[in-house]
Amino acid sequence: MTNTIVQDDPARRRFEILIDGTLAGVADYELRDGTLVLTHTEVGADFQDKGVGSALARGALDQLRQRGERIVAECAFIAAYVQRHPQYQDLIAG
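None of the values given here were measured: they were computed from a predicted structure.

### Topic: the overall build of the chain
Then, in step 1: Scanning the chain from N- to C-terminus turns up two helices and five strands.
Then, in step 2: Along the chain, helices (α) and strands (β) appear in the sequence β-β-β-β-α-β-α when read from the amino end.
Then, in step 3: At 13 Å, the chain has a C-alpha radius of gyration in line with the 12 Å of a compact globule built from 94 residues.
Then, in step 4: Its C-alpha atoms put the chain at 40 × 30 × 20 Å along the principal axes.
Then, in step 5: For the chain, the proportion of its 94 residues judged to be buried stands at 38%.
Then, in step 6: If you take every contact in the chain between residues at least 6 apart in sequence, the share linking residues at least 24 apart comes to 39%.
Then, in step 7: Within the structure as shown, the chain displays about 5,500 Å² of accessible surface, and the carbon and sulfur contribution to it stands at 47%.
Then, in step 8: Looking at charge distribution, the chain has the averaged site of its 10 positive side-chain charges lying 2 Å from that of its 14 negative ones.

Below is the structure:
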């Protein structure tokens with residue numbers, strides 16, 4: 001069974017997805033005027049086409065919702081994910 005964890009690393013300003021302890025992908029962000037701006041998502045070559053990016057997006061967005069944060073999705077992947085999953089539309093600032 002695969003152990004998957006999505007965690008925030010505020011010092012590096014990114015969400016990370018770890019699969020069995022290995023860093024599989026990151027979603028970078030910046031804080032601008034009190035809003036979290038997701039700027040770029042990247043999944044390692046060994047983990048592509050396996051749903052890792054979607055798991056990372058879902059985990060990050062769920063954590064942001066729990067914290068009561070609003071986002072700007074500058075990252076095309078995150079923007080497309082939110083478009084495909086309307087339950088996250090309420091997180092979009094503005």
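### Points about the packing of aromatic side chains
Then, in step 1: For the structure on display, the rule yields two aromatic pairs.
Then, in step 2: Aromatic pair Phe15 and Tyr29: ring centres 5.6 Å apart, planes at 50°, arrangement tilted. Within this pair, whereas Phe15 is found in strand β2 (residues 14-19), its partner Tyr29 is found in strand β3 (residues 22-32), the two being separated by 14 residues in sequence. By the burial criterion, Phe15 is buried, and Tyr29 matches it.
Then, in step 3: Aromatic side chains Tyr81 and Tyr88 sit 6.0 Å apart centroid to centroid with 40° between the ring planes, which places their arrangement in the tilted category.
Then, in step 4: Residue Tyr81 is classed as buried on the basis of its relative accessible area of 2%.
Then, in step 5: Judged by its relative accessible area of 4%, Tyr88 is buried.

### Points about the pattern of salt bridges
Then, in step 1: In total, this model carries eight salt bridges according to the counting rule given.
Then, in step 2: Arg14 serves as the salt-bridge partner of Glu16, at 2.8 Å between the closest nitrogen and oxygen.
Then, in step 3: For Arg14, a relative accessible area of 15% translates into the label buried.
Then, in step 4: With a closest N to O distance of 2.4 Å, Arg65 and Asp90 form a salt bridge. A residue pair is termed long-range when its members are at least 10 positions apart, and Arg65 in helix α1 (residues 52-66) and Asp90 in the segment after α2 (76-84) qualify at 25 residues.

Rules behind the numbers
Residues numbered from 1 in each chain as written. Predicted model: local features only at pLDDT ≥ 70, side-chain atom pairs only at ≥ 80, totals over all residues. Heavy atoms only, no water. Helix = DSSP H or I, 4+ residues; strand = E, 2+ residues; numbered from the N terminus. Rg over C-alpha atoms; globule rule 2.2 N^0.38 Å. Buried < 20%, exposed > 50% of the residue type's maximum accessible area, 1.4 Å probe, protein only. Contact = heavy atoms within 4.5 Å. Areas by Shrake-Rupley, 256 points an atom, 1.4 Å probe, with all protein chains shown as cover. Lys, Arg positive; Asp, Glu negative; His and termini not counted. Charge placed at Lys NZ, Arg CZ, Asp CG, Glu CD. Phe/Tyr/Trp six-rings, centres within 6.5 Å; stacked < 30°, edge-to-face > 60°. Salt bridge = Lys/Arg side-chain N within 4 Å of Asp/Glu carboxyl O.

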